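# Fold and contact review
This is what each chain is made of:
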Amino acid sequence: MKHLLPATALSLLLAGPSFAETVLTVANWLPPSHPLVSEVIVPMTEEIAEATGGEVVANILPAPLGPPGAHFDFAVNGVADITFSVQGYTPGRFKTTNIAEIPFLSDSAEVTSVAYWRTWDAMLKDAGEYDQVKVLAVFTHGPGEIFLKDTDPTAVDLMKGQKIRVGGGIVHEIATKLGAVPVEGPSSKAYELLSQGVADGILFPYESVSFFGLIPQLDIGVSVPGGLYNTSFYIVMNKAKYDSLTPEQQAAIDSVTGEHLSRMAGQMWDRVDAAGLAAMEGKIAVTPATEEQMTSWKADLQPIIDAKLAQVSETGVDGPAAYEMMLSEIAKLSAE
């Protein structure tokens, strides 16, 4: 997707930092071709420049500053002005993300992400987990599904005894609760784990199965209504840098971040998930979970959902009430 700026904003950008009142640095740990960069972070920088009339320019740094889990603190400490990452990369730090990562929320990353932003803005931010930064967006990737080698996709105990590659966190808990044997490993090792028989399957969104080249290693996919899990992301800004901007510049940045940016990210994940599913056609047989499976899995996973909401409540936020708001916003958005 190409993002074009009006001639006036483009000319301001081409004039270089000397013309701009403020230059923001944006940290990046992903390849430039990754859709989270090319279809979310790059357009965000373009929209900031356009919205501020070129007074604020955001430049993406050419090399990673450190591991993904360090990026929140990079924004806190001003190592970079804007950073993004996954809250789960710093286990235990962000309890309110549970609201967006639990099972059976929505089939659309856009819907989940916008509902998540609204719930965060109305309730979850009161937990204070992000008080050290300016939050520009919170969002999720597409719903996680089940992928396995040759087996009966309709079996109620589909995952029992299966060695499932997981990345930790709630996915580990879900796999364990459904009878699987979790195999810990980063996404980059997924092909190796599957090809060598160390793992029999994986819990992933459609995009990731295609992106990591796993299609030849898998035979069946089971799509879970609402998803078996989600992964939460953030985009944040150094608070002092944001506070140093004029009220007009702050308002301009606010107009292209928040719900707008969260929606943009969700739309991106929906697009790449659709492409990932299309790439499976004729190679992986993807079928919806049966009613019997869903009844069993919902009963099995309810204790995990209850525990995650209790963790949210530990922050001082009413976890069940936030969950109800999340579900209500998902229902509204799904009906639009």
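What this report covers is the structure whose coordinates are included nearby. The structure presented is a predicted model; accordingly, all values stated were derived computationally and were not measured. Once a new chain begins, its residue numbering starts again from 1 and follows that chain's sequence as written. Only residues with pLDDT of 70 or above have their local features reported here, since the model is predicted, and side-chain atom pairs are shown and tallied only from 80 upward, although totals for entire chains, interfaces and linings are computed over all residues. Side-chain numbers come from the whole structure's heavy atoms, not from hydrogens or water.

## Quick word on the packing of helix α12 (residues 291-313) against helix α13 (residues 319-335)
For helices, the fitted line uses only the C-alpha atoms of the stretch in contact; every axis is such a line through C-alpha atoms, and the angle between N-to-C directions lies from 0 to 180 degrees. Where helices and strands are cited, they refer to DSSP runs of H or I of at least four residues and of E of at least two residues respectively, numbered from the N terminus. Relative orientation of the contacting elements α12 and α13 amounts to 110 degrees, with a least axis distance of 7 Å. By the angle between their axes, α12 is roughly perpendicular relative to α13. Counting all contacts with α12, which are made through I305, L309, V312 and S313, the residues of α13 involved are G319, P320 and Y323. In this count, Pro and Cys sit with the nonpolar residues alongside Ala, Val, Leu, Ile, Met, Phe, Trp and Tyr, while Asp, Glu, Lys and Arg are called charged and the others, Gly among them, polar. Residue classes in the contact of α12 with α13 are distributed as five nonpolar, two polar and no charged. Geometric relationships in this document are graded by angle, where less than 35 degrees denotes roughly parallel, more than 145 denotes roughly antiparallel, 65 to 115 denotes roughly perpendicular, and other angles denote oblique. For this analysis, residues touch if any pair of their heavy atoms sits within 4.5 Å.

## Some remarks on the side chain of E129
Relative to the helices and strands, E129 is located in the loop between α5 (109-122) and β4 (133-140). Here E129 is buried and forms no salt bridge, its nearest opposite-charge partner K95 lying at an N-O distance of 7.2 Å. What qualifies as a polar contact is a pair of N or O atoms within 3.5 Å, subject to a donor-acceptor requirement within protein and to the restriction that residues adjacent in sequence count only when both atoms come from side chains. A polar side-chain atom of E129 sits 2.4 Å from a polar atom in the side chain of T96. Apart from residues no more than four positions distant in its own chain, E129 is found in contact with F72, R93, F94, K95, T96 and T315. Burial here depends on accessible area, computed with a 1.4 Å probe over protein chains only, as a share of the maximum for the residue type. Under 20% is buried, over 50% is exposed, and the range in between is partly exposed. Neither His nor the chain ends contribute to the count of charged residues, in which Lys and Arg are positive and Asp and Glu negative. Salt bridge criterion: a side-chain nitrogen from Lys or Arg within 4 Å of a carboxyl oxygen from Asp or Glu.

## A short note on the packing of aromatic side chains
For this analysis, a ring pair means two rings from Phe, Tyr or Trp (six-membered ring only for Trp) whose centres lie within 6.5 Å, classed as stacked if their planes differ by under 30 degrees, edge-to-face if by over 60, and tilted for the remaining angles. In this structure the tally under the stated criterion is 14 aromatic pairs. On the basis of an interplanar angle of 90 degrees and a centroid distance of 5.4 Å, the ring pair of F72 and Y234 is categorised as edge-to-face. Of this pair, F72 sits in helix α3 (residues 71-77) while Y234 sits in strand β10 (residues 232-238), and the two are 162 residues apart along the sequence. Neither residue differs from the other here; F72 and Y234 are each classed as buried. On the basis of an interplanar angle of 15 degrees and a centroid distance of 5.8 Å, the ring pair of F204 and F212 is categorised as stacked. Among the residues examined, F212 registers a relative accessible area of 27% and is labelled partly exposed. Each member of the aromatic cluster is reached from another via a ring pair, and the members are F72, F94, W117, W120, Y130 and Y234. Criterion for a charge above a ring: Lys NZ or Arg CZ within 6 Å of the ring centre, and within 35 degrees of the ring normal. Just above the ring of F104 sits the side chain of K298; from NZ or CZ to the centre is 5.9 Å.

## So, the sheet that holds strand β5 (residues 145-148)
A pair of strands is treated as paired once DSSP finds two or more bridges between them. A sheet is described by the order of its strands in space; here six strands give the open sequence β7-β6-β8-β5-β9-β11, paired in mixed fashion. Edge positions in the open sheet fall to β7 (181-184) and β11 (285-288), since each of these has one partner strand only. The sheet shows a mean angle of 25 degrees between the axes of neighbouring strands, taken without regard to direction. Strand direction decides the pairing type here: β5 and strand β8 (residues 201-204), joined by four bridges, are antiparallel. Following the sheet pairing, F147 is matched in β8 by I202.

## Section: the nonpolar core
Most often, soluble globular proteins keep nonpolar side chains buried together rather than apart. Side-chain atoms within 4.5 Å are what join buried Ala, Val, Leu, Ile, Met, Phe, Trp, Tyr and Cys residues into a set we call a nonpolar core. The biggest cluster of nonpolar side chains holds 70 residues, and the ones touching the most others in it are Y130, I146, M159, L203, V209, L228 and W297. If you tally residues by element for this core, the top one is α12, at seven residues. Ignoring sequence-local partners within four residues, the contact set of M159 consists of I146, I164, A175, L178, G179, A180 and L203. Formed by 32 residues, the second largest nonpolar core is a distinct cluster that contains V26, M44, F139 and I253.

## Remarks on the pattern of salt bridges
What the rule picks out here adds up to twelve salt bridges. With a closest N to O distance of 2.7 Å, K308 and E173 form a salt bridge. Here K308 is found in helix α12, whereas its partner E173 is found in helix α6 (residues 170-177), with 135 residues between them in sequence. The partner of K332 in a salt bridge is E329, and the shortest N-O contact between them spans 3.4 Å. Taken together, the residues span about one helical turn, with K332 and E329 both in helix α13 at a distance of three residues. Here K332 falls in the partly exposed class, since its relative accessible area comes to 47%. With a relative accessible area of 9%, E329 lands in the buried category.

No statement about biological role is implied by the geometric values presented.
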